[in-house]
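The chain contents come next:
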Amino acid sequence: MSVPRILPLFCFLLLAPALGSQNSNPAPAPAPPAAQAPAAPVTTMSVNVKVVTLPVTVRDKKGKIVKDLTKDDFDLEEDGKPQTIRYFSQETNLPLTVGLLVDTSMSERDNMDRERSASRSFLDQMITRPQDRAFVLHFDREVELLQDLTSDHAKLEKAVGLIDTQQAVENTQTNDQGGGQSRARRGGGTALYDAIFLACDEITAKQTGRKAIVVLSDGEDRGSKETMNSAIESAQKAETVVYTIYIGGHQDNNNGYNPGMGRRGGMGGGYPGGGRYPGGGYPGGGGNYPRQQENRPNGKKIMQEIAEQTGGRFFEAKKKESVDDDYAQIAEELRTQFMLGYTPPKDQSSGYHSIHLTAKKKDLVVQTRAGYYSGQ
C-alpha cells in the first residue's frame, strides 16, 4: 500500500475520538424565561339600563305613511318632562308576533265568512319568515286558543277555519280537565277584555321583537272577569300594539242576559293550549248581565280607546270588502314602523308613566302607545 493512501486514513483515525466526544456532549439547557409579573385583575361592571321602546307610525294629513324621518324630527316627553331619543331605526328584521282575536258571539254571526276569508289572507301576508309567528283565538262567552304560536301556514289555516259562532248555540263536546262532556252553551256573552288580557299576559309578554294583536269585534263586552283598563294595562306591559276592527252585527234579543247566569257562568277549562277561560261579570267584572237596553256599552268607543292607548289603530268595517282593506293597512303599518328608544329617568317612581311623542313638522300625525309601566 502506498504512503499517499495511508496518510488520509491515519489522519481520520486520529481525529475520530475527538469528533465523537464533541457530538456526545449534551446541548446547553435554554435559559429559563424571565419571571412574568402577575396579570392585573380585570374589573367588570354590570349595568342594568332600562330602555323604553316605542313602535311608531307617522302619517301626513292625507293619511299616507311617512317613512323618511330621523330621531331629530320628533319631540318626546315622559310625564311631561322632555326626554332624549337615543335609539331610532326603521327595523323590519325583528321577529314579528301577531295574534288574531275574533269575536264569535251571536252578534257577529253574519260576519263569520268574510272574517275568515280576510284573516287567512292577512296571516299569509304577515307570516313570511320562520321567525315570524302567529296565534289564533276566538271568544264568545269564553276564550279559546285555537292555535298557539306557529309559523306553519297549514296550522294557521286550520285554526281560522274553526272560527264559527255555531259553537255558541249548540251542544259541543269539550275536553276540559274534568273529562269530556257535552254542555249546552246558550245565551249571549262576549269576553272581549278577557281575550285581550290573556293574549297579552300569557303569550305576547313572553316574546321579543315586534308584537301586535288584531281584534275583530263589535266591542260590547259581556261577561269578562277583566275590565277594559286591565286589558289595556296588560297590552302596555307586554309592549303589544292592539289594532281593533269594529264590525257591527246582529244584537242578541236579550242583550246577552241569561236569567240565572251569574258572574262565573262560563265553562271551566284552562288556558292556553285550546282550553277555555270562563267569563265573568259586566262590563268586565262583577254582577250579572244587564237587563236593560240602555245599559249596553258603546262598543265603537271601547274599540277606539283600546287601540289609542296601546299605539294601535281603530278601523270600522262597514262594507263586505272593507275587512280586507283594513288588514292591508295594518300589514303596511307593521312593515314600516319606526322603532324608537330612550332611557327613562333613574329616579322615576314605579307605576304608570305617560308618553307624549310629536313630530316637529306640521301636519304629521304620530301614532304610538300612550304610556308604560315600570318597576313591576
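Sequence order as written defines the numbering, with residues in each chain counted from 1. Reporting of local features is limited, given that this is a predicted model, to residues whose pLDDT is at least 70; pairs of side-chain atoms are given and counted only at 80 or more, and all residues count toward the totals for whole chains, interfaces and linings. Side-chain metrics in this entry use all non-hydrogen atoms of the structure; hydrogen atoms and water are not considered.

K.L.:
What should I look at first to understand the overall build of the protein in this one?
P.N.:
The numbering of helices and of strands both runs from the N terminus, where a helix is a DSSP run of H or I of at least 4 residues and a strand a run of E of at least 2. If you tally the helices and strands in the protein, you get seven helices and 17 strands. Under the scheme applied here, a residue whose accessible area is under 20% of the maximum for its type counts as buried, over 50% as exposed, and between as partly exposed, the area being computed with a 1.4 Å probe on protein chains only. The buried share among the 376 residues of the protein stands at 47%. Between two residues, a contact is recorded if the distance between any of their heavy atoms is within 4.5 Å. A sequence separation of at least 24 residues applies to 78% of the contacts in the protein between residues at least 6 apart.

K.L.:
What exactly am I supposed to notice about the pairing of strand 5 (residues 96–103) here?
P.N.:
Two faces belong to every sheet, and in a regular strand the side chains alternate between them. Of all eight residues in strand 5, eight are buried, a share of seventy percent or more. Every second residue of strand 5 is oriented toward a common face, with Leu96, Val98, Leu100 and Val102 on one face and Thr97, Gly99, Leu101 and Asp103 on the other, all of them buried. Note: two strands are recorded as paired if DSSP finds a minimum of 2 bridges between them. Summarising the sheet, strand 5 and strand 10 (residues 210–217) pair through seven bridges and their orientation is parallel. Bridge pairing links Leu100 to Val214 in strand 10.

K.L.:
How do you make sense of the sheet that holds strand 2 (residues 74–78) when you look at a structure like this?
P.N.:
By definition, the strands of a sheet pair up through backbone hydrogen bonds, in either a parallel or an antiparallel sense. Spatially, four strands are ordered 3-2-15-17 in an open sheet, and the strand pairing comes out antiparallel. Bordering the open sheet on either side are strand 3 (81–83) and strand 17 (371–374), each of which pairs with just one other strand. In this sheet, neighbouring strand axes are inclined to one another by 35 degrees on average, regardless of whether the strands run parallel or antiparallel. Across three bridges, the pairing between strand 2 and strand 3 is antiparallel. The partner of Glu78 across the bridge, within strand 3, is Lys81. Axis definition: a line fit to C-alpha positions, over the contact stretch in the case of helices; interaxial angles, taken between N-to-C directions, run 0 to 180 degrees.

K.L.:
In this structure, what is going on with the pairing of strand 6 (residues 133–139)? I would like to understand it.
P.N.:
Burial within strand 6 is extensive, with six of its seven residues counted as buried. By the bridge criterion, seven bridges tie strand 5 to strand 6 in an arrangement that is parallel. Residue pairing in the sheet places Val98 in a bridge with Ala134 of strand 6. For the crossover from strand 5 across helix 2 (residues 112–126) to strand 6, the handedness is right-handed. As paired elements, strand 6 and strand 7 (residues 143–150) share five bridges and run antiparallel to each other. Looking at the pairing, Val136 lines up with Gln147 of strand 7. Here a crossover is taken to be right-handed if, once the strands point away from the viewer, the path from the first strand over the helix to the second is traced clockwise.

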